[in-house]
Amino acid sequence: MNKNILIVTTFNDNYNFFSRLEPLFKKRGYNFVYITNKHSIVLNLKKNKEEFAIIKYSNGDYYEKYDFSKTTEIAGNSISAQSSAQLVNGVFKTLAQLNSTYNFEYIFMWNGYRLIETAANYFAKENSIKTCFFELGNFPGKVFCDPLGTNAASLLAKSKSVLGKFNTSIESYRSWAQKYREDSLRQHSVPQGKTAKSINYSKNLHDLSGFVFHNYAKFEPVVSIKKLQNKFFAKKADYHYDHINIHNSEYIFFPMQLSIDSQLLINSDVDNFQAIRIAAEEASDRNIELIVKPHPAEIDQKVYEELYELKEVFTFSITGDNTIELVDKAAKVITINSTVGLQAKILGKDVECLGKAFYSDFDENDLALYMNEYLLNIEFWDNSPIEDYIADKILQRADLTGTDDA
């Protein structure tokens, strides 16, 4: 008899990731059942003859029972209270119906900070269903996996002692870190930067038909006027990068974060521009330079406009140069809670985190355990085969359910 795992998926890239995992779990007697609100994903589910359910708006009282303030939609003020309530109630109603049939053992989902995922997480807690959350590892061939959440919501953030469950070689980590540094200095790009600036019109038309004609619950605009404007801006804008020589100057490096990043919206009390002010004051006190790099996936024109206005008040340089090279030559890296801070620690730099970052107090041994053992060896951005043992690691990780295991 099959055991059942619910897959919560709201983006096509994430659906593709879970569909690549599915054959590994089927070998272990697990059946995947999907829940989504995107018609483009539904078309693929039908094509692949998968079991699935569609999230639709519904009435109920679940929204009032729980705290949804720390979700990207509400923190980013991108959805009305009425739509939020109907969306959350729709998730609970759909999951209750599905669970009565499938009696889920696990719920897998991406990120965990959106309304749909947060509602699914509350449902899991109500019904004693184990969860597993996934996120980009932001290192080549790495994916983050945690039983409680991602970033500041993760078990790892709550107690880094969970790393003590693993064993690794410091020498192998040092070898990896050196190769990572060398490879990154040659070429460092952010894959999600390309997807942020692209619009898949066919997919969006399918999703729009689901929202308009089939009452699929919507948590974000399909293609907003703002995104279309910013797409045009990204092609035409002159970013006015400064000419800098990092080899002949001492400086603090501040990497900006994506303005809509859940890390920034939910896990920090300061935003990019407040952080720049803090970094600028320290640079001034130390009589060294401040170099700021906008996030390569940022497409909001207003972010750049405010950045250049701030530059008129504080003295700093703006660059689009190689991030790892900027980290490598910096006297200090100040970040909010960006992965760049983790990269800086790997390169042995002085790092200050202004927001909640699970890695803020990592030492070299913690870094070795995190990179070698806690992150999964999966390449997210292609369709390369996933090694069979990864399924066992995911199940083991999902079974680390909290304080008793930490």
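Definitions and limits used
- Residues numbered from 1 in each chain as written.
- Predicted model: local features only at pLDDT ≥ 70, side-chain atom pairs only at ≥ 80, totals over all residues.
- Heavy atoms only, no water.
- Helix = DSSP H or I, 4+ residues; strand = E, 2+ residues; numbered from the N terminus.
- Buried < 20%, exposed > 50% of the residue type's maximum accessible area, 1.4 Å probe, protein only.
- Right-handed = clockwise from strand over helix to strand, strands pointing away.
- Pairing = 2+ DSSP bridges.
- Axes fitted to C-alpha atoms, helices over the stretch in contact; angles between N-to-C directions.
- Phe/Tyr/Trp six-rings, centres within 6.5 Å; stacked < 30°, edge-to-face > 60°.
- Lys NZ or Arg CZ within 6 Å of the ring centre and 35° of its normal.
- Salt bridge = Lys/Arg side-chain N within 4 Å of Asp/Glu carboxyl O.
- 1 Å grid on protein atoms, 1.4 Å probe; cavity = no way out; pocket = protein on both sides within 12 Å on 5 of 7 lines; lining within 4 Å.
- Points joined across faces, edges and corners; volume = space filled by probe spheres on them.
- Nonpolar A, V, L, I, M, F, W, Y, C, P; charged D, E, K, R; others polar.
- pLDDT = per-residue confidence, 0-100.
- Contact = heavy atoms within 4.5 Å.
- Expected span 1.5 Å × (residues − 1).

Asker: Please give an account of unusual backbone geometry that cites residues and values.
Answerer: Here the phi dihedral of Asn103 falls at roughly 50°; this positive angle occurs in a residue that is not glycine. Mapped onto the secondary structure, Asn103 falls in the loop between helix H5 (81-102) and strand E4 (106-110).

Asker: Lay out the pairing of strand E5 (residues 130-136) in plain terms, naming residues and giving numbers.
Answerer: Across the seven residues of E5, six count as buried, placing the element largely inside the fold. Read from E4 through helix H6 (residues 115-126) to E5, the crossover connection turns out right-handed. Across four bridges, the pairing between E5 and strand E6 (residues 143-146) is antiparallel. Across the sheet, Phe134 pairs through a bridge with Cys145, a residue of E6. Taking the residues between adjacent antiparallel strands as the criterion, E5 and E6 are bridged by six residues, where Asn138 takes a positive phi near 60°.

Asker: Just give me the short version of the sheet that holds E6, but keep the residues and values in it.
Answerer: Spatially, six strands are ordered E3-E2-E1-E4-E5-E6 in an open sheet, and the strand pairing comes out mixed. For this open sheet the edge positions go to strand E3 (51-54) and E6, each flanked by a neighbour on one side alone. With direction set aside, neighbouring strand axes in the sheet form an average angle of 20°. Two strands pair when backbone bridges link them, and E4 and E5 are joined in this way by five bridges, in the parallel orientation. Along E5, the bridge assignment pairs Trp110 with Phe134.

Asker: Explain the pairing of strand E7 (residues 251-255) to me, and be specific about the residues and the numbers.
Answerer: Among the five residues of E7, five are classified as buried, and the element is accordingly described as predominantly covered. Burial of E7 is two-sided: the residues Tyr251, Phe253 and Pro255 facing one way and the residues Ile252 and Phe254 facing the other way are all buried. Pairing analysis gives five bridges linking E7 to strand E8 (residues 289-293), with the strands arranged parallel. Across the sheet, the residue bridging to Phe254 is Val292, located in E8. In this structure, E7 lies alongside strand E10 (residues 332-335), joined through two bridges in parallel fashion. Each bridged residue has a counterpart across the sheet, and for Phe253 the counterpart in E10 is Val333.

Asker: Tell me about the packing of aromatic side chains, residues and numbers included.
Answerer: Using the criterion set out here, one finds 37 aromatic pairs in the structure. An angle of 55° between the planes, with centres 5.9 Å apart, marks the rings of Phe144 and Tyr374 as tilted. Of this pair, Phe144 sits in strand E6 while Tyr374 sits in helix H17 (residues 364-374), and the two are 230 residues apart along the sequence. Taking relative accessible area as the criterion, Phe144 reaches 3% and is therefore assigned buried. Ring centres 4.9 Å apart and planes at 85° place the aromatic pair Phe380 and Trp381 in the edge-to-face group. The class for Trp381 is partly exposed, based on a relative accessible area of 32%. The ring of Tyr374 is capped by Arg397, whose NZ or CZ atom sits 4.1 Å from the centre of that ring.

Asker: Any chance you could break down the pattern of salt bridges for me, citing the residues and the numbers?
Answerer: All chains considered together, the criterion is met by 18 salt bridges. It is possible to trace a salt-bridge network through shared partners that takes in Lys27, Arg28, Asp388 and Asp392.

Asker: Give me the lowdown on the layout of surface pockets, citing residues and values where you can.
Answerer: Considered as a void within the structure, the second largest pocket measures approximately 660 Å³ in volume. If you trace the second largest pocket, you find 30 residues lining it, with Asn121, Lys125, Leu148, Ala153 and Lys158 closest to the centre. Elements with a contribution of two residues or more to the lining of the second largest pocket: H6 and E5. Among the elements that take part in the lining of the second largest pocket, H6 stands out by supplying five residues, more than any other. Per-class residue counts for the lining of the second largest pocket are twelve nonpolar, twelve polar and six charged.

Asker: I'd like a rundown of empty space enclosed by the protein, residues and numbers included.
Answerer: Throughout the structure, instances matching the rule amount to one cavity of 30 Å³ or more. Considering only enclosed or pocket space, the largest cavity measures out at about 30 Å³ in volume. Taken together, Met256, Gln257, Pro294, His295, Glu298, Val303 and Tyr304 form the lining of the largest cavity. Partitioning the lining of the largest cavity into residue classes produces four nonpolar, two polar and one charged.

Asker: Now, about the confidence of the model for the protein: what can you tell me, with residues and values included?
Answerer: Close reading of the predicted structure is inappropriate where its pLDDT is low. Taken over all residues, the pLDDT of the protein has a mean of 89, while the share at 70 or more is 89%. Note that pLDDT drops below 50 for residues 402-406; the model gives that stretch seven contacts with residues more than four away or on any other chain.

Asker: Outline H5, listing residues and values.
Answerer: With 22 residues, H5 should reach 32 Å at 1.5 Å per residue; the first-to-last C-alpha distance of 31 Å fits that figure. In the stretch just after H5, Asn103 is the one whose phi turns positive, near 50°.

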